[in-house]
Amino acid sequence: MYLKKQVKILWFLLLVVMTASAQTQHGYVKTIGRPDKPGVFLPNVVIQAKGMVNPVISDSTGEFSICIPEKKEGDPIVYLRIQKKDYELKDKDVIGRQYVFSSKVPIIIQMVDIKQLAVDKKRIENNAYRVAENNYQKKLKELEAKLDEEAITLDQYRLDLVALEEKYDKYLSLINDMADRYARADYDNMDSIDRQINICIENGELDKADSLIHTVFDPETVLERNQAAKREIRERIALAQSIIDKANADKEAILRDIEYAKRVASLCENLAYEYIGIDDWKSAMKCFEQTLTIKKNIYGEESDEVMEIQQLINKHKQ
């Protein structure tokens, strides 16, 4: 009886420690990287999240810590204020958006120098207008030459001219949004294709960028959406993996608490599909195997739940 009581006390203290450690969200603030200049960490940024009485300020290395007593691992966290003189947020929707509260996964906040942003945006706009005008004049001359050579009829010339002007007008209508978006691009976190696309856009080579992206350019490019999705997937995976690793390290807890074990099994299985989504099959299979082991402990070797996971593993191994 005494031993059981001591075990319960130790288990309670462990939960208290785990809860306390999960109450601090770490992060850092940095500027975006440019083609010729990497980003730097930003000190003295004022940061406040919902539930905080007083804001915190990033230190000399750009780091900050947020403590909200009622927050637990995986809870939502909403930022209400992120401020620094002469800077603004790279992504305007950071304020008011829900993020995952985690003691393991730091949040990265990116800001842009307002003056530098204006310079970069103006450069991109000027390049885009210049290229647009040059392309328009070049194609107009080609069209007029075809008419002079009677290679096309007057009616066809008029149709082609209308199409050319519509394309030119559409391009011009996109320049402002396009310049703002790519003036905010972070060159510190790009693969080679992303970098090539952005440099094409900064140089006004929109047609070349279009061919690389494989879509008609618009302010909500496929490239940008994919980058956002990849960031969110990596964040979810890092958080889930840390929880799973902690849970699997305590085999006795899984055996002792069936409901706890079921939650861990479900988390393992969901994480497997997250890994499949980014083509990391090795990690996915590891998660499926962990799910299988836990479900065997819960339901038994011959149960339907175990057979179902075993079939999934066999299917994905093929």
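Residues numbered from 1 in each chain as written. Predicted model: local features only at pLDDT ≥ 70, side-chain atom pairs only at ≥ 80, totals over all residues. Heavy atoms only, no water.

Student: Explanation requested: the overall build of the protein chain in the structure shown.
Tutor: Assigned secondary structure in the protein chain consists of ten helices and eight strands. Going through the 318 residues of the protein chain one by one, you find that 38% of them count as buried. Of the contacts made within the protein chain by residues no fewer than 6 positions apart, 63% connect residues no fewer than 24 positions apart. Summed over all atoms, the accessible surface of the protein chain reaches about 19200 Å², with 54% contributed by carbon and sulfur. (Helix = DSSP H or I, 4+ residues; strand = E, 2+ residues; numbered from the N terminus. Buried < 20%, exposed > 50% of the residue type's maximum accessible area, 1.4 Å probe, protein only. Contact = heavy atoms within 4.5 Å. Areas by Shrake-Rupley, 256 points an atom, 1.4 Å probe, with all protein chains shown as cover.)

Student: What is the right way to read helix H3 (residues 154–183) from this model?
Tutor: One turn of an α-helix holds 3.6 residues; hence residues three or four places apart share an orientation. The end-to-end C-alpha distance of H3 is 43 Å, a good match for the 44 Å that 30 residues give at a rise of 1.5 Å each. In H3, a bend of some 40 degrees at Ile175 exceeds every other bend along the element. (Expected span 1.5 Å × (residues − 1). Bend = angle between axes of the 7 residues up to and from the residue.)

Student: What is the right way to read the side chain of Glu269 from this model?
Tutor: Secondary-structure assignment places Glu269 in helix H8 (residues 258–277). Looking at Glu269, the relative accessible area reads 16%, which means it is buried. The residues contacting Glu269, other than those within four sequence positions of it, are Phe288, Thr291, Lys295, Ile309 and Leu312.

Student: Explain the environment of Ile197 here, please?
Tutor: With respect to the secondary-structure elements, Ile197 resides in helix H4 (residues 192–202). Residues Ile197 and Ala209, spaced twelve residues apart in sequence, show a C-alpha to C-alpha distance of 5.1 Å.

Student: What exactly am I supposed to notice about the packing of aromatic side chains here?
Tutor: Ring pairs (aromatic) are described by centroid distance and by the angle formed between their planes. Under the criterion given, the structure shown has three aromatic pairs. Ring geometry for Tyr79 and Tyr99: centres 5.9 Å apart, planes at 75 degrees, overall edge-to-face. You can see Tyr79 sitting in strand S5 (residues 76–83) and its partner Tyr99 sitting in strand S7 (residues 98–100), a full 20 residues away along the chain. As far as the burial class goes, Tyr79 and Tyr99 line up, both buried. (Phe/Tyr/Trp six-rings, centres within 6.5 Å; stacked < 30°, edge-to-face > 60°.)

Student: Explanation requested: helix H9 (residues 281–299) in the structure shown.
Tutor: In this model, H9 (19 residues) spans 26 Å end to end at C-alpha, consistent with the 27 Å of a helix rising 1.5 Å per residue. Two residues or fewer past H9, Gly300 is found with a positive phi of approximately 100 degrees.

Student: Could you clarify how one ought to interpret the sheet that holds strand S1 (residues 24–31) in this entry?
Tutor: The pairing of strands in a sheet happens through backbone hydrogen bonds and is either parallel or antiparallel. If you walk across this open sheet you meet the four strands as S4-S1-S8-S6, and the pairing is mixed. At either end of the open sheet lies a strand with only one pairing partner, and these are strand S4 (63–67) and strand S6 (87–89). When the angles between neighbouring strand axes are averaged without regard to direction, this sheet yields 35 degrees. Taken together, the five bridges between S1 and S4 define a ladder with antiparallel strand orientation. Within S4, the position partnered with Tyr28 by the bridge is Glu63. (Pairing = 2+ DSSP bridges. Axes fitted to C-alpha atoms, helices over the stretch in contact; angles between N-to-C directions.)

Student: Teacher, can you tell me more about the confidence of the model for the protein chain here?
Tutor: Residue-level pLDDT values for the protein chain average 78, and 75% of them are 70 or greater. Here residues 1–22 scores under 50 on pLDDT; set against residues more than four positions off or in separate chains, the count is ten contacts. Confidence drops under pLDDT 50 across residues 214–223; counting only partners more than four residues distant or on other chains, this segment forms 22 contacts. (pLDDT = per-residue confidence, 0-100.)

Student: Any chance you could explain the environment of Tyr168 here in plain terms?
Tutor: Along the chain, Tyr168 falls in helix H3. Tyr168 sits 33 residues away from Asn135 along the chain, and the two C-alpha atoms are 8.8 Å apart. The contact partners of Tyr168, leaving out residues within four places of it in the chain, are Ala132, Glu133 and Tyr136.

Student: What is the right way to read the pattern of salt bridges from this model?
Tutor: Should the charged atoms of two oppositely charged side chains come close, the side chains can pair. The full count for this structure, using the stated rule, is eleven salt bridges. The closest approach of N and O atoms between Asp188 and Lys30, which form a salt bridge, is 3.2 Å. Of this pair, Asp188 sits in the loop between H3 and H4 while Lys30 sits in strand S1, placing them 158 residues apart in sequence. Residue classification places Asp188 among the partly exposed positions, given a relative accessible area of 33%. For Arg34, the salt bridge goes to Asp120, with nearest N and O atoms at 3.2 Å. On the criterion of sequence distance, the pair formed by Arg34 in the loop between S1 and strand S2 (46–49) and Asp120 in helix H2 (residues 114–148) is long-range, its members being 86 residues apart. Across the pair, Asp120 and Arg34 agree in class, each one buried. (Salt bridge = Lys/Arg side-chain N within 4 Å of Asp/Glu carboxyl O.)

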